[in-house]
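Chain by chain, the residues:
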Amino acid sequence: MPHNLTQKIIAEHLVSGDMTPGAEIALRIDQTLTQDATGTMAYLQFEAMGLDRVQTELSVSYVDHNTLQVGFRNPDDHRYLQSVAEKYGIVFSPPGTGICHQLHLENFAKPGKTLIGSDSHTPTAGGAGAMAMGAGGLSVALAMAGEPYVISMPKVVKVNLTGRLTGWASAKDIILHLLGKLSVKGGVGKVFEYAGEGVASLSVPERAVITNMGAELGATTSIFPSDARTREFLTAMGRPGDFSELGPDPDADYDEVVDIDLSSLEPMAAAPHMPDKAVTIASLDGLKVDQACIGSCTNSSFADLAAAADILNGQKPHPDTDLLIAPGSRQVLLMLSREGLLDPIITSGARILECACGPCIGMGGSPSSGGVSARTFNRNFEGRSGTKDGQVYLVSPMTAAIAALNGKFTDPAGWGEPPKRREFPADVPSIRAMFIDPPADGSKVEIKRGPNIVALDPFEPMPSVIEATVALKVGDDITTDHILPAGAEITALRSNIPAISRHIFGRVDPEFVDRIDRLDQGVILAGENYGQGSSREHAALGPRHLGVKAVIAKSFARIHRANLVNFGILPLLLADPADFDRLDQGAKIRLDAAAIRPGVETVLTIDGGDPIPVKNDLTEKELATIKAGGLLNAVRASRQGASS
Ligand code: MIC
Ligand code: SF4
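Residues numbered from 1 in each chain as written. Chains lettered and ligands numbered in written order. Predicted model: local features only at pLDDT ≥ 70, side-chain atom pairs only at ≥ 80, totals over all residues. Heavy atoms only, no water.

A.B. asks: For this particular structure, what's the right way to read empty space enclosed by the protein?
C.D. replies: Think of a ball as big as a water molecule: rolled over the atoms, this probe shows where empty space is left. Within the structure shown, the criterion is met by six cavities of 30 Å³ or more. Size it by volume and the largest cavity reaches roughly 220 Å³. Looking at the largest cavity, it is lined by 22 residues, and the ones nearest its centre are Q35, H65, D119, R379 and R384. Partitioned by chemical class, the residues of the lining of the largest cavity number six nonpolar, eleven polar and five charged. The element best represented in the lining of the second largest cavity is helix α18 (residues 558–566), accounting for three residues. (1 Å grid on protein atoms, 1.4 Å probe; cavity = no way out; pocket = protein on both sides within 12 Å on 5 of 7 lines; lining within 4 Å. Points joined across faces, edges and corners; volume = space filled by probe spheres on them. Nonpolar A, V, L, I, M, F, W, Y, C, P; charged D, E, K, R; others polar. Helix = DSSP H or I, 4+ residues; strand = E, 2+ residues; numbered from the N terminus.)

The following block contains the structure:
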């Protein structure tokens, strides 16, 4: 049977399960990546598994999120991560080297390989033909221990690209267009596989912009074929041996097809506060822009920054607009410097930041009160910038640079000729030597722990009856940024669950933590797509620590649902979404948890009477994990069983 590219890679890595959409499949994982904000927890969990060395072909530990080092917490975490990497055979990328996804694309991504990363934008590597997925830290820890990664077999959507980009339209505008069309829940349970004659017109860094931000569709991942452009890219990166040609079989079937005519696209923005609120830049003509930020794992390649440098050349941003630029990696910075493209950036007066996530995760660079910020990032959730009423528009680097010069958004019709597209220079410098490779034998290495690193308490098994209060009722599209806000102060607590739990839902309802503290057991009630956005498992661990037993929602985002299961919280679905209105915050519910069966509808009762039917899409194994109190308990029990 002919296979599409996704099915080919899955078939090649299938450990168990059948490839029917929706069925549970287990995949062998070739590579893993972690970043520091999720990595500390992932490695604490890996340590608890008792192995001497990672079992993957390659595991890389990046430090890119918590790089401010205000006080001891971040540097303690970095030191811990470096020592763990040395001990267990993991490549370590020190702070300042760059953003995990940009670095992975440049240095390690390989066509046809499976990669999971404890960061939702891991699909960036799909730009080079890898099947790369975001996952919770515990899932990554298990993959490092050699366990397969379990997902639902995705549907495969063919995104058929025709024509080619013209004028000021860029890769960012392709994905913003798709988000506008399909929404932030449009990709749940799906892989977006790019095909068609338009593919060849896009370079690997451009493809990576699209696969990166495919995460905002809620997709399992996004992938491009590996072709002549991939060969060019890998050769330029000094890795011609990593190339292999890979694409769908000629008559491959897809579950859905979406057509995009590249030549019809124009510069776009995602308006506040969701990545799918796509509007044209022309429609924003005249809107004052207080800040412009160029960077993040979406748009910080050499090509992106070179285009911005060309636009800024000899000019200055508007006096009322603050311009910040963060290159994605030291390689990008080095290329800009060697090509003479740093000069126009420096002389423009733009503020050059460290090669790291920076303002994207609220690590500085917040806009002023109510300020409009044009950012080349991938998320504009309310408050994520660090300024609650900041108005963040997601745009391309060219759009951000032009807006910075004009101090406002203007109609692209008046922008003149776009800069020449530069992919990468003829001679690309390697920064591979800036990574720290682990020694062959790490057995003597001592792990360095600071006071910020607090081991996880074991979790109790699920009670047989849940008698709980609806501790919080929230609407649709609640992000993990709503559940656990980012920003420098809170993210510094990622390796300390008791401390970080005090911030759960802090921006949605500052009373939440005190309220749930007074309750014995709590549940959360939510609308569609609960937990969209990041992979941070703290958004499940924190609620679990506070006593949340179940989340009852209309639907869940993929990674967060897996994190809930991993930490023993029941993800229940309202059998009739209209029942959402019958359940109020403060209601007392009762549920016979012991009686729950995979896929079987059951009822919970409100305040001792009124029944509400709830269903689940849990597998036998997932339910057993939840009942055991989470995956760590389940893994410990199975390891003990194996050794007795
Ligand atoms: C994000 O962009 O939201 C993050 C910060 O990179 C997260 C990971 C985290 O919360 O540490 C992600 O995308 O998974
Ligand atoms: Fe970092 Fe932002 Fe990318 Fe997340 S989305 S990995 S915070 S640059």
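From this point, the narrative continues.
A.B. asks: How do you make sense of the packing of helix α2 (residues 36–48) against helix α3 (residues 73–88) when you look at a structure like this?
C.D. replies: For any two helices packed against each other, one specifies the crossing angle of their axes together with the interaxial distance. Contact geometry for α2 and α3: axes closest at 10 Å, N-to-C directions at 45 degrees. Relative to α3, the element α2 lies oblique. Here the hand of the crossing between α2 and α3 comes out left-handed. Contact residues: D36, G39, T40, Y43, L44, F46 and E47 in α2; D77, H78, Y80, L81, V84 and Y88 in α3. In terms of residue class, the contact of α2 with α3 is built from seven nonpolar, three polar and three charged. (Axes fitted to C-alpha atoms, helices over the stretch in contact; angles between N-to-C directions. Parallel < 35°, antiparallel > 145°, perpendicular 65-115°, else oblique. Left-handed = near helix turned anticlockwise from the far one by under 90°. Contact = heavy atoms within 4.5 Å.)

A.B. asks: Looking at this structure, how should I read the site of ligand 1?
C.D. replies: Taken together, 14 residues lie around ligand 1, and D119, S120, R384, S535 and R536 are the ones closest in. The side chain of S120 places a nitrogen or oxygen atom 2.6 Å from an oxygen atom of ligand 1. Contact distances for ligand 1 include 2.8 Å between an oxygen atom and a side-chain N or O atom of R384. Burial of ligand 1 by the protein amounts to 97% of the accessible area it has alone, namely 330 Å². With respect to the detected pockets, ligand 1 is housed in the largest cavity. Each residue belonging to the shell around ligand 1 can be placed in one class, and the counts come to two nonpolar, seven polar and five charged. (Near = heavy atom within 4 Å. Polar contact = N/O pair within 3.5 Å; in protein donor to acceptor, adjacent residues only side chain to side chain. Areas by Shrake-Rupley, 256 points an atom, 1.4 Å probe, with all protein chains shown as cover. Sits in = over half its atoms within 2 Å of the grid points.)

A.B. asks: Just checking my understanding: could you explain the site of ligand 2 for this structure?
C.D. replies: Taken together, H65, H101, D119, H121, S296, C297, C357, C360, I361, N378 and R384 make up the full set of residues near ligand 2. Applying the majority rule of atoms within 2 Å of the grid points places ligand 2 in the largest cavity. Split by residue class, the shell around ligand 2 holds four nonpolar, five polar and two charged.

A.B. asks: Explain the packing of aromatic side chains to me, please; I cannot follow it from the model alone.
C.D. replies: Each aromatic ring pair is specified by the distance between its two centres and by the angle formed by the two planes. Counted under the stated rule, the structure contains nine aromatic pairs. Their ring planes at 80 degrees and their centres at 6.5 Å tell us that Y62 and F435 sit as a pair that is edge-to-face. Within this pair, whereas Y62 is found in strand β4 (residues 58–62), its partner F435 is found in the loop between α12 (397–406) and β20 (465–473), the two being separated by 373 residues in sequence. Side by side, Y62 and F435 carry an identical accessibility label, which is buried. Pairing F108 with F435 gives two aromatic rings, centres 5.3 Å apart and planes at 70 degrees, and the pair type is edge-to-face. Of this pair, F108 sits in the loop between α4 (100–107) and β6 (114–117) while F435 sits in the loop between α12 and β20, and the two are 327 residues apart along the sequence. Grouping residues by exposure puts F108 and F435 together as buried. One aromatic cluster is present, built from ring pairs that chain together Y62, F108 and F435. (Phe/Tyr/Trp six-rings, centres within 6.5 Å; stacked < 30°, edge-to-face > 60°. Buried < 20%, exposed > 50% of the residue type's maximum accessible area, 1.4 Å probe, protein only.)

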